[in-house]
Each structure stands twice: as structure tokens, then as C-alpha cells.
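Okay, here's what each chain looks like letter by letter:
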Amino acid sequence: HYRTHTGEKPFECEYCHKSFSVKENLSVHRRIHTRERPYKCEVCGRSFEHSGKLHRHMRIHTGERPHKCGVCEKTFIQSGQLVIHMRTHTGEKPYVCQACGKGFTCSKQLKVHMRTHTGEKPYKCEICGHAFGYNHVLKLHQVVHFGEKVYKCSLCKETFNSKKTMELHIRSHDDSKQATSSSTNVGGMSPQPISSSESGYFGSNASDDESETSSTA
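Residues take numbers from 1 onward in each chain, read along the sequence in its written order. Owing to the predicted nature of the model, reporting of local features is limited to residues with pLDDT of at least 70; listing and counting of side-chain atom pairs is limited to 80 or more, with chain, interface and lining totals taken over all residues. Hydrogens and water molecules were not included; the side-chain quantities draw on all heavy atoms of the structure.

Asks: Looking at this structure, I do not really get the pattern of salt bridges. What am I missing?
Replies: Oppositely charged side chains may form a pair once their charged atoms are brought near each other. Salt bridge, as used here: a side-chain nitrogen of Lys or Arg that lies within 4 Å of a carboxyl oxygen of Asp or Glu. Per the stated rule, a full pass over the model turns up 7 salt bridges. Where glutamate 14 meets arginine 30, a salt bridge forms, and the shortest distance between an N and an O atom there is 3.0 Å. With glutamate 14 in the loop between β1 (11-12) and β2 (19-20) and arginine 30 in helix α2 (residues 23-34), this pair connects stretches of sequence that are 16 residues apart. Accessible area is worked out with a 1.4 Å probe on protein chains only. A residue is then buried under 20% of its type maximum, exposed over 50%, and partly exposed in between. Residue classification places arginine 30 among the partly exposed positions, given a relative accessible area of 25%. The salt bridge involving arginine 115 is made with glutamate 120; its shortest N-O contact spans 3.9 Å. Residue arginine 115 is classed as buried on the basis of its relative accessible area, which comes to 10%. Elements are defined by DSSP. Helices are runs of H or I of four residues or more, strands are runs of E of two residues or more, and each kind is numbered from the N terminus.

See below:
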């Protein structure tokens, strides 16, 4: 605790040299580089670096949105999302592009905007290899390969034309699973384990990372 006052950060990441005051925080951070994700969602199979991300992710399946805007009463899964949303009411845009001076409400918006200057195209189609600067443009492109239903459930492979519809569908699997576990299984058979593949948009690069993870406020 004393280091929070002194600013001392003796634990440095060997990959990116970011420093931390607590060794446990470095261990969690290191998983960004190693891709280790030990916390797994039992509903859709998606995995996370730490337990907090899994806890927030579970709200997608439960429908819980505990953070409410006092102005328009819109609700959010994460507190960080509410902080960013409040800037739409206050007009605050603390993240400013150094190249053109345009302001943004969150760091993620600025990061995406910077691609207009750098030409970076991080979203790649796994079918044809075509790359795009924006996730939504990749989604539009994927329609060429898959038709309009570009979101796929990893549990039953049913496809949907929107992420929200897919998430509601996955929640129905969760309800069915609970009903099954509370009843007697025929012939002593237990429900099949959930696939480790992630539910979501076709393509590994298609989802904005930890979609349920809020941008830095």
C-alpha cells in the first residue's frame, strides 16, 4: 500500500517494460503478452486474463446492467461504460488527436481514429485475406462470404444477423442448461461439455477485444 503514496513501481514487464507497484498486477498484465486466459465462461466458452473480466462478461448472459445514467436512465454492464456515456451529456472530449485536433470521449475512439492517419488495417478476413481498418467494415465485407447472418453461436452453430440477437440466443442455452441440470438425465447421461471455441462474429480478429471490456475512461 505504501507504494501508492511513493509512486514506486519496482515490478517491470519484460515484454513492454510497463511497471507495476504490485507483483500480482504484473502477473495478470503479462497474460496480455502470453495469451494465457485461465478464466473461462461456462456458457459460451470464452476465456479471460483475470476473474474481473469474466465477472463482467457474465452480465452479457444474465442481462444484468447495474450501472444507470442519472440523466437518461440508460443502463450499462460496466462502470467505465457509464463514465464514457456521461460525456455524451456533458460534451467532454478529453482524448484529442495530435494529428488533426479532433476530440473523442474515450481512448478507444481515438485509437480507431488514428488509423485514418496511419493507414493501419488490423481486421483481416480469414476467408480471402483482405484487411480493413475498422471492425464494422470487416463485418460488412463478411456478408460476401457468409450472407447477412454473420454472427455464429458456438454451442449450436446457428447464425444471426446481429450480435445482440446472438447474445439473447446464447442466454436461452444457459436457461436450458439450468433446466436440464435440475431434472433427471435420461439413462444417466450428463449434458455435453461446452465447446472451447468462442461465440461471436466469424473470424478471430472480428471482435473488438473483450467487447465486454470498457475503453479506458
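Asks: Any chance you could explain the environment of methionine 58 here in plain terms?
Replies: Positionally, methionine 58 belongs in helix α3 (residues 51-62). Linking methionine 58 and isoleucine 77, residues 19 residues apart in sequence, is a C-alpha distance of 9.5 Å. Throughout, a residue-residue contact means that at least one pair of heavy atoms, one from each residue, lies within 4.5 Å. In this structure, methionine 58 is in contact with Cys41 and Val43, ignoring residues within four places of it in sequence.

Asks: Would you take a moment to explain the environment of serine 47 for this structure?
Replies: Here serine 47 shows up in strand β4 (residues 47-48). When its relative accessible area of 17% is taken as the criterion, serine 47 is described as buried. Placed 11 residues apart in sequence, serine 47 and glutamate 36 show a C-alpha to C-alpha distance of 8.9 Å. When residues no more than four places from it in sequence are discounted, the contact partners of serine 47 are Arg37, Tyr39 and Lys40.

Asks: Is there a simple way to explain helix α5 (residues 107-118) in this structure?
Replies: Every α-helix winds through 3.6 residues per turn, so residues three or four apart in the chain are directed the same way. By definition here, a helix of n residues has an expected span of 1.5 Å times n minus one. Between the first and last C-alpha of α5 there are 16 Å, a value that for 12 residues agrees with the 16 Å anticipated at 1.5 Å per step. Within α5, the full set of buried residues consists of Leu110, His113 and Arg115. Summarising the contacts, the buried residues of α5 are in contact with β7 (95-96), β8 (103-104) and β9 (123-124). Following α5 by one or two positions, glycine 119 has its phi on the positive side, about 80 degrees.

Asks: Help me understand the confidence of the model for the protein in this model?
Replies: Where the model shows low pLDDT, its predicted coordinates should not be examined in detail. Residues of the protein with pLDDT of at least 70 account for 77%, and the chain-wide mean is 79. One number per residue, pLDDT, summarises how confident the predictor is, and it ranges from 0 to 100. Every residue in residues 179-216 is under pLDDT 50, and counting partners more than four places away or in other chains gives 84 contacts.

Asks: What should I look at first to understand the side chain of arginine 59 in this one?
Replies: Here arginine 59 shows up in helix α3. If we ignore the near neighbours within four places in the chain, the residues touching arginine 59 are Glu64, Pro66, His67, Ile77 and Gln78.

Asks: Help me out: how do you make sense of unusual backbone geometry in this one?
Replies: With phi around 70 degrees, histidine 17 is a residue other than glycine that occupies positive phi space. Mapped onto the secondary structure, histidine 17 falls in the loop between β1 and β2. Of note, the phi angle at glutamate 73 is positive, near 65 degrees, even though the residue is not glycine. By the element assignment, glutamate 73 lies in the loop between β5 (67-68) and β6 (75-76). On the accessibility criterion, glutamate 73 (56% relative accessible area) is exposed.

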